[in-house]
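Analysis of the macromolecular model
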Amino acid sequence: ADEAQGLRDLKERLYSELQSVQPNGLNASPTDQQRIADLIAKLETMNPTPTPSRSPLMAGFWRMLYTDMEPAPSSGKLGPFIGDVFQNLCP
């Protein structure tokens, strides 16, 4: 029960961090990026799925909430325009 609560708490902290750097993480400072990377690393250690990128659980239409890549069309930024990014995954 404590591990499940810890997992929920980490997910909530991550989601809160992601909301603070919207849109798409393009406004994230290096400090924000490090905090988010640390939370993701902790969550990865708790993931029971052996190969998440190949898991059928990944199948679906997903909205990108965050990227740490440079602004580009694939990060939701095209010139002065910023929009939502979606991806259909079929592992």
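Please refer to the structure higher up on the page.
Computed from a predicted structure; not experimentally measured. (Residues numbered from 1 in each chain as written. Predicted model: local features only at pLDDT ≥ 70, side-chain atom pairs only at ≥ 80, totals over all residues. Heavy atoms only, no water.)

1. A closer look at unusual backbone geometry
Stated precisely, the cut-off is as follows: Every helix listed is a DSSP run of H or I at least four residues long, and every strand listed is a run of E at least two residues long, numbered separately from the N terminus.
Cis geometry is adopted by the peptide bond preceding P23, which originates at Q22 and carries an omega value of 10°. Structurally, the position occupied by P23 is in the loop between α1 (2-20) and α2 (30-45).

2. Regarding the pattern of salt bridges
Proximity of charged atoms lets side chains of opposite charge pair with each other. This is how it is decided: Throughout this description, the term salt bridge denotes a Lys or Arg side-chain nitrogen within 4 Å of a carboxyl oxygen of Asp or Glu. Think of it in three bands: with a 1.4 Å probe and only protein chains considered, a residue is buried below 20% of the maximum accessible area for its type, exposed above 50%, and partly exposed in between.
All told, the structure shown has three salt bridges when counted by the stated rule. Here E17 ties to R35 by a salt bridge, and the two come within 3.1 Å at their closest N and O atoms. Here R35 lies in helix α2 and E17 lies in helix α1, a separation of 18 residues in the sequence. For E17, a relative accessible area of 17% gives the class buried. Residue classification places R35 among the partly exposed positions, given a relative accessible area of 37%. Taken together, the salt bridges that share partners define one network made up of E17, D32 and R35.

3. Some thoughts on the packing of aromatic side chains
Quick reminder of the rule: Stacked, tilted and edge-to-face are the three classes assigned to paired rings of Phe, Tyr and Trp, where Trp is represented by its six-membered ring and a pair needs centres within 6.5 Å; plane angles under 30 degrees give stacked, over 60 edge-to-face, the rest tilted.
Enumeration according to the criterion identifies one aromatic pair in this entry. With centroids separated by 5.3 Å and ring planes inclined at 0°, the aromatic side chains of F61 and F86 adopt a geometry described as stacked. Pair noted here: F61 is in strand β1 (residues 60-63) and F86 is in strand β4 (residues 86-89), with a separation of 25 residues, a long-range link. A relative accessible area of 61% means that F61 is categorised as exposed.

4. Some remarks on the nonpolar core
Note the cut-off: To form a nonpolar core, buried Ala, Val, Leu, Ile, Met, Phe, Trp, Tyr and Cys residues must be joined to one another through side-chain atoms within 4.5 Å. Pairs of residues are marked as contacts when any of their non-hydrogen atoms sit within 4.5 Å.
L10, L14, L18, V21, A28, I36, L39, L43 and Y66 form the largest nonpolar core, which has nine residues in total. Of all the secondary-structure elements, those providing two or more residues to this core are α1 and α2. In contact with V21, other than residues within four places in its own chain, are L26, N27, A28, D32, I36 and Y66.

5. Some thoughts on α1
The condition that has to hold: Multiplying 1.5 Å by the helix residue count minus one yields the expected span of that helix.
Given a rise of 1.5 Å per residue, 19 residues ought to cover 27 Å, and the 27 Å separating the end C-alpha atoms of α1 matches this to within 8%. On its buried side, α1 packs onto α2.

6. What about the side chain of T67?
The following threshold applies: Whenever two N or O atoms come within 3.5 Å, that pair is a polar contact, provided that in protein one can donate a hydrogen and the other can accept it, and provided that, for residues adjacent in sequence, both atoms are side-chain atoms.
Within the secondary structure, T67 sits in the loop between β1 and β2 (77-78). When its relative accessible area of 11% is taken as the criterion, T67 is described as buried. For T67, the side chain forms a polar contact with the main-chain nitrogen of M69, separated by 3.2 Å. Discounting chain neighbours no more than four positions away, the residues touching T67 are N24, G25 and S75.

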